[in-house]
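Residue-level listing of the chains:
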Amino acid sequence: NDFRVVLMARNEQSLETYVKEFEGKGYEAYGFSADAADTASLTTAFTKVKNQFGKVDVLVYNACILTGGKPTELSSEELMKHYQVDVASALHCAKLVIPEQIQAKEGTILFTGGGLAMYPMAEFTCVSIDKAALRGLAIAMNQELKDKGIFVGVVSIMGNVAPDTHYAPELIAEDYWKLYTERKECEVIYK
């Protein structure tokens, strides 16, 4: 396809590895350092991307703090730290690409959801709360933006992503592609 892949991560060594992996598969790929816990770093990275390449056609937000914790073991500060990365920064990134997408009357924003949104677990309270919030955000944003040519969707993954299983990344990627191409339902539940 004609996609240029631009990756963002806070770990520059991992970022470099992923860029090389995409290039090895024949994709034009670039990496920009950013931290989902720091909205200023996200704004800086997206500004660089837009200055170098123009409008972001497709945004995939896939950041999440996956550490566990029961409700009574969490402080409100810990909960908000998770929420920033898992939900608030997803909104922040989307708002960084939406103006150009509205101007072009086309664009796609996809979020990575999870089964804990529908089936919360006490051991993973933050992830459970945040995936539910991210799911709600995606559905609400789709309602708001679909008439402006922007599709917002969420892939809710109902298991642990792992190579050589039913939850292999390349299999899950097919549902991201389905959302992107079909633009019908704003949620795909991968189980």
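That block above? That's the structure.
Please read these numbers as outputs of a predicted model, since none were measured by experiment.

Details of the overall build of the protein
Regarding its fold elements, the protein presents five helices and six strands. When the elements of the protein are put in sequence order from the N terminus, they spell out β-α-β-α-β-α-β-α-β-α-β. Here the C-alpha radius of gyration of the protein, 16 Å, is about what a compact globule of 191 residues would show, namely 16 Å. Here the contacts in the protein between residues at least 6 apart in sequence split such that 65% fall between residues at least 24 apart. In the structure as shown, the protein presents an accessible area of about 11,000 Å², 52% of it carried by carbon and sulfur atoms. If the 19 positive side-chain charges of the protein are averaged to one point and the 26 negative ones to another, these points end up 5 Å apart.

A short note on the sheet that holds strand E4 (residues 107-114)
Neighbouring strands of a sheet are bound in pairs by backbone hydrogen bonds; such pairs are parallel or else antiparallel. One open sheet accounts for four strands, arranged E3-E4-E5-E6; its pairing is parallel. If you trace the sheet from one side to the other, it starts and ends with strand E3 (58-61) and strand E6 (187-190), each paired once. Strand after strand, the sheet turns through a mean of 15° between neighbouring axes, direction not considered. Taken together, the four bridges between E3 and E4 define a ladder with parallel strand orientation. Bridged to Val58 within E4 is Thr108.

Brief notes about the pairing of strand E1 (residues 4-9)
The pairing of E1 with strand E2 (residues 28-33) spans six bridges and is classified as parallel. For Ala9, the partnering residue across the bridge sits in E2 and is Ser33. Note on the crossover from E1 through helix H1 (residues 12-24) to E2: the handedness is right-handed.

As for the packing of helix H2 (residues 39-53) against helix H3 (residues 76-104)
In contact at an axis separation of 10 Å, H2 and H3 are set at 30° when each is read in the N-to-C sense. Between H2 and H3, the angle is such that the two are roughly parallel. H3 is crossed by H2, and the crossing has right-handed handedness. Contact residues: Thr39, Leu42, Thr43, Phe46 and Lys50 in H2; Gln84, Ser89, His92, Cys93, Leu96, Val97 and Glu100 in H3. Residues that form the contact of H2 with H3 fall into these classes: five nonpolar, five polar and two charged.

Things to note about the pattern of salt bridges
Going through the model one piece at a time under the given rule, you end up with five salt bridges. In this structure, Glu100 engages Lys50 in a salt bridge whose closest nitrogen and oxygen atoms are separated by 3.5 Å. One end of the pair, Glu100, is in helix H3; the other, Lys50, is in helix H2, with 50 residues separating them in the sequence. Using a relative accessible area of 26% as the deciding quantity, one classes Glu100 as partly exposed.

Quick notes on the packing of aromatic side chains
Taken as a whole and assessed by the stated rule, the structure comprises seven aromatic pairs. Note on Phe3 and Tyr180: the rings are 5.6 Å apart at their centroids and 70° apart in plane angle, and the pair reads as edge-to-face. Taken together, the positions of Phe3 in the segment before E1 and Tyr180 in helix H5 (residues 169-182) put the pair 177 residues apart, joining distant regions of the chain. Residue classification places Phe3 among the partly exposed positions, given a relative accessible area of 31%.

What to know about the environment of Lys25
When you line up the elements, Lys25 lands in the loop between H1 and E2. Owing to a relative accessible area of 60%, Lys25 belongs among the exposed residues under this scheme. The spacing of Lys25 and Glu185 is 160 residues in sequence and 30 Å in space, taken between C-alpha atoms.

Remarks on H2
With 15 residues, H2 should reach 21 Å at 1.5 Å per residue; the first-to-last C-alpha distance of 21 Å fits that figure. Taken together, the buried positions of H2 are occupied by Ser41, Leu42, Ala45, Phe46, Val49 and Phe53. Around the axis of H2, the buried residues are gathered within 130° of arc, so they sit on the same side. Next to the buried residues of H2 lie E1, E2, E3 and H3. Of the residues flanking the start of H2, the one acting as N-cap is Asp38, its side-chain oxygen 3.1 Å from the backbone nitrogen of Ala40. Directly after H2, the chain includes Gly54, whose backbone phi takes a positive value near 90°.

Thresholds applied
Residues numbered from 1 in each chain as written. Predicted model: local features only at pLDDT ≥ 70, side-chain atom pairs only at ≥ 80, totals over all residues. Heavy atoms only, no water. Helix = DSSP H or I, 4+ residues; strand = E, 2+ residues; numbered from the N terminus. Rg over C-alpha atoms; globule rule 2.2 N^0.38 Å. Contact = heavy atoms within 4.5 Å. Areas by Shrake-Rupley, 256 points an atom, 1.4 Å probe, with all protein chains shown as cover. Lys, Arg positive; Asp, Glu negative; His and termini not counted. Charge placed at Lys NZ, Arg CZ, Asp CG, Glu CD. Pairing = 2+ DSSP bridges. Axes fitted to C-alpha atoms, helices over the stretch in contact; angles between N-to-C directions. Right-handed = clockwise from strand over helix to strand, strands pointing away. Parallel < 35°, antiparallel > 145°, perpendicular 65-115°, else oblique. Left-handed = near helix turned anticlockwise from the far one by under 90°. Nonpolar A, V, L, I, M, F, W, Y, C, P; charged D, E, K, R; others polar. Salt bridge = Lys/Arg side-chain N within 4 Å of Asp/Glu carboxyl O. Buried < 20%, exposed > 50% of the residue type's maximum accessible area, 1.4 Å probe, protein only. Phe/Tyr/Trp six-rings, centres within 6.5 Å; stacked < 30°, edge-to-face > 60°. Expected span 1.5 Å × (residues − 1). Arc of directions from axis to C-beta. Polar contact = N/O pair within 3.5 Å; in protein donor to acceptor, adjacent residues only side chain to side chain.

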